[in-house]
Amino acid sequence: MSETRSDGELLRAVAADADRRAFEELYRRYAPWLRARLRGRCADLGVVDDVVQETFLAVWRGKARYREEGDVAGWLWRIGSRRLVDALRGDGARGRLRQALARLRHRDEVSAEERVLAGVEHGDLAVALVRLSPELRAVLQATVIDGLTTREAAVLLGIPPGTVKTRAMRARKQLREALA
């Protein structure tokens, strides 16, 4: 019976020796989890599957290097979430076309989501969000939009949980002041 290797050992074997078995074990451990997390941000399963593959290809090819700081899951999530953003930006024209067609089909019906998004994109909230520092916006993205816990956001952003809480409080305070 073989001994189970730690995540760090697997990553070192992949990086140093291009150890296929280590890579396969890492993939089996984390691909289902990453796929489930990405599905929370993107309903297109094809895009999600592509992003998972691209994430692990970056690990295999050495384009993404683990510095042995923090959680491997958080590190993979950062890679995957960035790849998802890139994939969705590439789908921008198709997405805008689909939205335009949907609006034409339902001209008289404005959904609640469209009203909220219009307020976020063009209203006072959008102006207030733009004025936040990138650090505060990142915490709001992780905790409010992505729905991560403080601990998960800390792993994703590579900062202590206390810092996540502090930045979230500062961001909420600044938004309240800007919208008052």
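Reading guide: rules and limits
Residues numbered from 1 in each chain as written. Predicted model: local features only at pLDDT ≥ 70, side-chain atom pairs only at ≥ 80, totals over all residues. Heavy atoms only, no water. Buried < 20%, exposed > 50% of the residue type's maximum accessible area, 1.4 Å probe, protein only. Helix = DSSP H or I, 4+ residues; strand = E, 2+ residues; numbered from the N terminus. Contact = heavy atoms within 4.5 Å. pLDDT = per-residue confidence, 0-100. Axes fitted to C-alpha atoms, helices over the stretch in contact; angles between N-to-C directions. Left-handed = near helix turned anticlockwise from the far one by under 90°. Patch = residues over 30% accessible without salt bridge, like charges linked within 9 Å, V, L, I, M, F, W, Y side chains within 5 Å. Areas by Shrake-Rupley, 256 points an atom, 1.4 Å probe, with all protein chains shown as cover. Salt bridge = Lys/Arg side-chain N within 4 Å of Asp/Glu carboxyl O. Lys, Arg positive; Asp, Glu negative; His and termini not counted. Charge placed at Lys NZ, Arg CZ, Asp CG, Glu CD. Expected span 1.5 Å × (residues − 1). Arc of directions from axis to C-beta. Polar contact = N/O pair within 3.5 Å; in protein donor to acceptor, adjacent residues only side chain to side chain. Phe/Tyr/Trp six-rings, centres within 6.5 Å; stacked < 30°, edge-to-face > 60°. Lys NZ or Arg CZ within 6 Å of the ring centre and 35° of its normal.

### Some details on helix 8 (residues 134-145)
By the burial criterion, the buried members of helix 8 are Leu136, Val139, Leu140, Ala142 and Thr143. Backbone geometry just downstream of helix 8 places Gly147 in the positive-phi region, at approximately 70°.

### Some words on the side chain of Arg78
Mapped onto the elements, Arg78 comes out in helix 4 (residues 72-90). Excluding anything up to four places from it in sequence, Arg78 contacts Val155, Leu156 and Gly158.

### Some words on the confidence of the model for the chain
Per-residue confidence for the chain gives a mean pLDDT of 77, with 74% of residues at or over 70. For the chain, helix 6 (residues 112-122) is the element with the lowest average pLDDT, namely 51, and helix 2 (residues 20-39) is the one with the highest, namely 91.

### With respect to the environment of Asp19
Residue placement: Asp19 occurs in the loop between helix 1 (7-17) and helix 2. In the structure, Asp19 is positioned 41 residues away from Trp60 in sequence and 9.2 Å away in space, judged by C-alpha atoms.

### Observations regarding the packing of helix 2 against helix 3 (residues 45-61)
Remark: helix 2 packs on helix 3, axes separated minimally by 10 Å, with the N-to-C direction vectors making an angle of 145°. Once helix 2 is placed against helix 3, the crossing between them reads as right-handed. The residues of helix 3 that touch helix 2, namely those facing Arg20, Phe23, Leu26, Tyr27, Tyr30, Ala31, Leu34, Arg35, Leu38 and Arg39, are Leu45, Val48, Asp49, Val51, Val52, Gln53, Thr55, Phe56, Val59 and Trp60.

### A word on a negative patch on the surface
Where like charges cluster on the molecular surface, the negative patch consists of Asp44, Asp50, Glu54 and Asp86. By the secondary structure assignment, Asp86 is in helix 4. Residue Asp86 is classed as partly exposed on the basis of its relative accessible area, which comes to 48%.

### Considerations on helix 3
Owing to its 3.6 residues per turn, the α-helix brings residues three or four apart onto one side. In a regular helix each residue adds 1.5 Å, so 17 residues correspond to 24 Å; helix 3 covers 24 Å between its end C-alpha atoms and thus fits that length. What helix 3 keeps buried is the set Val47, Val48, Val51, Val52, Thr55, Phe56, Ala58 and Val59. Looking straight down helix 3, one finds its buried side chains confined to an arc of 165°; they lie on one side. In this structure Asp44 caps helix 3, since a side-chain oxygen of it lies 3.0 Å from the backbone nitrogen of Gly46. Gly62 sits one or two residues past helix 3 and shows a positive phi near 85°.

### Points about the pattern of salt bridges
Should their charged atoms come close, side chains of opposite charge can pair. By the definition in use, this model includes six salt bridges. Of the charged contacts in the structure, one is a salt bridge between Arg28 and Glu25, with a shortest N-O distance of 3.0 Å. Placement of the pair is Arg28 and Glu25 together in helix 2, with a separation of three residues, close to one helical turn. A salt bridge links Glu177 to Lys173, with the nearest nitrogen and oxygen atoms 3.8 Å apart. Of this pair, Glu177 and Lys173 are both found in helix 10 (residues 161-179), four residues apart, which corresponds to roughly one turn of the helix. Accessibility expressed as a relative area gives 48% for Lys173, which makes it partly exposed. By sharing partners, the salt bridges in this structure join Glu25, Arg28 and Arg29 into a single network.

### With respect to the packing of aromatic side chains
Within this structure, the stated rule accounts for four aromatic pairs. Considering the side-chain rings of Tyr30 and Trp33, the 6.5 Å spacing of their centres and the 85° angle between planes classify their relative orientation as edge-to-face. Here Tyr30 pairs with Trp33, and both are found in helix 2, just three residues apart, close to one helical turn. In this structure an aromatic cluster arises from ring pairing among Phe23, Tyr27, Phe56 and Trp60. One Lys or Arg, Arg37, reaches over the ring of Trp77 and ends 4.4 Å from the middle of that ring.

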